[in-house]
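# Descriptive structure summary
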Amino acid sequence: MRSFKFALLVSALFGLSTISLPAQAVWTEPKIPIASYALNIVDTLFNTGQVVSRLEGAKPAAKAGENPIPVLCKKYGVAPCDNPELLYSGTFLLPTCTAEIRDWCVEGLALSQSGLRVEAQYIRAVESEFLPADPSVDMPPGASTTLWNVPGFKNSSGETTYATYVMISGHKAKNSKFAINNFRAMVIPYELRTGNVYERAFTEMTTTPNGQSIVSIRGSHPDCVWTETAKCGAIVDFAPGVRAELSLRLGNNVTGWMMGRLEQPEISVTPISTSQNRLVIKAAPATIPKFYASVPKSSANETVTAWVKKTANPGTDPNVMNVLANNYPIDALIAFAPVVNDMAVATISTWSVNSVDSGMGSRCLNDSTRLLGLVTTNALIYQGNAPGFTDGALDYKVAGVHFNPDKSEFSGQYNLTMRSDVARCLYGFSNAPLQATVTVTYGGGEAKIATQNMTESDGWLKLNAAGFTFSAPTIRVKLSQPKVEPAVAPAPTAQPVASAPVVSNPAPAASPKATTITCVKGKTIKKVSGVSPKCPTGFKKK
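All values reported here derive from a predicted model rather than from experimental measurement. (Residues numbered from 1 in each chain as written. Predicted model: local features only at pLDDT ≥ 70, side-chain atom pairs only at ≥ 80, totals over all residues. Heavy atoms only, no water.)

### Some words on the overall build of the protein chain
Per the secondary structure count, the protein chain includes three helices and 34 strands. Split by element, the accessible area of the protein chain, about 25700 Å² in all, is 53% carbon and sulfur. (Helix = DSSP H or I, 4+ residues; strand = E, 2+ residues; numbered from the N terminus. Areas by Shrake-Rupley, 256 points an atom, 1.4 Å probe, with all protein chains shown as cover.)

### Notes on the pattern of salt bridges
In this structure the tally under the stated criterion is 15 salt bridges. Within this structure, E107, R249 and R278 form a network of salt bridges that share partners. (Salt bridge = Lys/Arg side-chain N within 4 Å of Asp/Glu carboxyl O.)

### Considerations on the state of the cysteines
For the structure shown, the criterion picks out four disulfides. Between the sulfur of C97 and that of C105 lies a disulfide, 2.0 Å long from S to S. Where C97 bonds to C105 through sulfur, the torsion about that S-S bond is close to 95°, and the disulfide is right-handed. Overall, the relative accessible area of 22% leaves C97 in the partly exposed class. (Disulfide = S-S within 2.5 Å. Buried < 20%, exposed > 50% of the residue type's maximum accessible area, 1.4 Å probe, protein only.)

### What about the confidence of the model for the protein chain?
The pLDDT averaged across the protein chain works out to 81; a share of 80% of its residues lies at or above 70. Low pLDDT (under 50) marks residues 1-22, which in the prediction has 136 contacts with non-local residues, meaning those over four places away or in another chain. The model gives residues 494-512 a pLDDT under 50, and that stretch makes one contact with residues more than four places away or in other chains. (pLDDT = per-residue confidence, 0-100. Contact = heavy atoms within 4.5 Å.)

### Concerning the pairing of strand β7 (residues 116-119)
Pairing between strand β6 (residues 105-113) and β7: four bridges, direction antiparallel. When the sheet's bridge partners are listed, L111 is paired in β7 with V118. Counting the residues in the hairpin turn of β6 and β7 gives two residues, including S114, whose phi is positive at 55°. (Pairing = 2+ DSSP bridges.)

### What to know about unusual backbone geometry
Leaving glycine aside, a negative phi is the common case for residues, and trans is the common case for peptide bonds. Looking along the chain, the bond that leaves A79 and enters P80 is cis, with omega of 10°. Of note in this structure, D138 is not a glycine but carries a positive phi near 60°. Secondary-structure assignment places D138 in the loop between β8 (121-125) and β9 (146-149). With phi around 75°, K407 is a residue other than glycine that occupies positive phi space. For K407, the position within the fold is in the loop between β26 (393-399) and β27 (412-419).

### What to know about the side chain of T227
As for its placement among the helices and strands, T227 is situated in strand β14 (residues 224-228). For T227, the side chain forms a polar contact with the main-chain oxygen of E199, separated by 2.9 Å. Not counting residues up to four positions away in its chain, the partners in contact with T227 are V126, E199, R200, A201, G219, S220 and H221. (Polar contact = N/O pair within 3.5 Å; in protein donor to acceptor, adjacent residues only side chain to side chain.)

### Some thoughts on the pairing of β27
The buried fraction of β27 amounts to eight of the eight residues, a majority that puts the element mostly inside the structure. As paired strands, strand β23 (residues 371-377) and β27 are joined by five bridges and run antiparallel to one another. Looking at the pairing, L374 lines up with T417 of β27. Here β27 runs beside strand β30 (residues 460-468); their pairing, made up of eight bridges, is antiparallel. Counterpart to N415 in the pairing with β30 is N464.

### Quick look at the sheet that holds strand β19 (residues 292-296)
Two modes of strand pairing occur in sheets, parallel and antiparallel, and in both the strands are linked by backbone hydrogen bonds. As summarised here, the arrangement of the three strands in space is β19-β2-β20, forming an open sheet in which the pairing is mixed. Edge strands, defined here as strands with exactly one partner in the open sheet, are β19 and β20 (320-324). Taken pair by pair, the neighbouring strands of this sheet meet at an average axis angle of 15°, ignoring direction. Sheet topology places strand β2 (residues 36-42) next to β20; five bridges connect them, and they run parallel. Bridge assignment links N40 to a residue of β20, and that residue is N322. Taken strand by strand, helix α1 (residues 302-311) contacts β2, β19 and β20, and its axis lies near 70° from that of β2. (Axes fitted to C-alpha atoms, helices over the stretch in contact; angles between N-to-C directions.)

### Looking at the side chain of R184
Mapped onto the fold, R184 is located in strand β11 (residues 179-194). Look at R184: it is buried, it has no salt bridge, and the nearest opposite charge is D43 at 7.7 Å. Polar contacts involving the side chain of R184 include one to the side chain of N354, which spans 2.8 Å. (Lys, Arg positive; Asp, Glu negative; His and termini not counted.)

### Comments concerning the environment of Y190
Tracing the backbone through its elements, the reader meets Y190 in strand β11. Taking the C-alpha atoms as reference, Y190 lies 9.1 Å from F238; in sequence the two are 48 residues apart.

### Regarding the environment of E199
Here E199 is to be found in the loop between β11 and β12 (202-207). Of the residues examined, E199 reaches a relative accessible area of 33% and is grouped as partly exposed. Separated by 20 residues in the primary sequence, E199 and G219 have C-alpha atoms spaced 5.2 Å apart. For E199, the contacting residues outside a window of four places in its chain are R218, G219, T227, E228 and T229.

### Points about the nonpolar core
Grouped together as the largest cluster of nonpolar side chains are 55 residues, with contacts concentrated most on I41, W257, F291, W307, L333, F336 and I381. The biggest single contributor to this core is helix α2 (residues 330-336), with five residues. Core analysis: the second largest hydrophobic core is formed by 35 residues, I168, F238, M258 and I281 among them. (Core = buried A, V, L, I, M, F, W, Y, C linked by side-chain atoms within 4.5 Å.)

### Comments concerning the packing of aromatic side chains
Scanning the model with the defined rule gives seven aromatic pairs in all. A ring pair is formed by Y76 and Y88, whose centres lie 5.2 Å apart and whose planes are at 75°; its orientation type is edge-to-face. In this pair, Y76 is assigned in the loop between β4 (69-72) and β5 (87-93) and Y88 in strand β5, connecting sequence segments twelve residues apart. The two residues Y76 and Y88 agree in class, both being buried. Here a set of aromatic residues connected by ring pairs shows up, and it is made of Y76, Y88, F92 and F178. When the ring centre of W226 is taken as reference, the NZ or CZ atom of R124 above it lies at 5.5 Å. (Phe/Tyr/Trp six-rings, centres within 6.5 Å; stacked < 30°, edge-to-face > 60°. Lys NZ or Arg CZ within 6 Å of the ring centre and 35° of its normal.)

Next up, the structure:
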């Protein structure tokens, strides 16, 4: 696995190019000998997580040092959840919008391909208990996964069925309202399967072996986006070239940044009331590498054994180590990538978006009053928050294996969509056009240019970069503006007196067009785009 540094000096949304390698919908973990070390990198943006809505309250512990005692709620304000002293937390799967449910709901789904757009037909909601909303404390409704039919848009199973999973989670402290701390939305193709192994998902109170009471969820299945008694919505793949459009009504307290597994995303946010926004996300699903590697403990090298020893709980000798992709587990990847020759075991297609923490380094990135931007990438692992602002650039770390399962080179993609005024806030720029530079510099001295495209419209900056290869690049986004010299007015000259007035209609001046130049400094290559682009200091125009 080669290490390199990837610098993107650009302006804002990064789009993706579609990967032609066939993806699969579900990857099944293999069984390995107990005397082995295995690393499984789990992509949280592919997992639905909570499969049913849940609300629980926590009673204060009876004694210092004891855990709070949870209670399972059927409805807020009804016993045992009518105690204002409790700390409440909940996960709410949003229902479809109706005449009765106008807030916190799914407005609709549409699919498109090659210029054809078809709106989905609502089938039904998955069987589940319903948690009614309580506007007095800003609590959204809790329903279940919603099922749709899109005529003419067959998924990989040949069916035209799709599920939308939209989840909001939050908590409520004493004498306060619900504070939203997470948002996730997924569009998942499925086919119906039947069998006695499937059961309806539900929540229940259980007791752990040490006597602690907890709220647990039962009934989910790893191959299913939803389950009911003897039924499963088995996860399958999108057909190639399909884009999904999801329209949601969300509270305007869903703010900050989002991270997605999407290609060529487009987003729009429109206020529809004093408390609700309409959020529309249009994108193709992203194809993500799946990493799993195992090695017999007897033949594990020092790098693997050192990582396991550092990571495992003291006194344990684990078999399979699960790590989260959004925690940027670069040490784990470095240790285990050579075991599988720096190669993915599969590629998985997913359409998913999730709220993330704001970036650090500038107040411009921490505005909590509105949605600021969306970051998407097909990288195996990534940092689980928005880009940070360091030394005049937006930095974002990603990493991955070098090869696809068929041994072809994996092509990296990165997108960034940002509000135009946030970008200008970072740099103190005017409303004049912006320009972008893309540089990819490898540790071995090689240089490779990523394809790029930048646009600005409707208050959003959008830039896409693709075609870079992996190990562990740092993606840098930096904006600049060309200096525009003021025009010098010509000196007045005497004019002859005409016998009759002459009317002249000069052709309007052409608008300045952005161009791209290539700049070289040793083995480092940069592309600079914009109006009258110039090479940075030390670089020469190629």
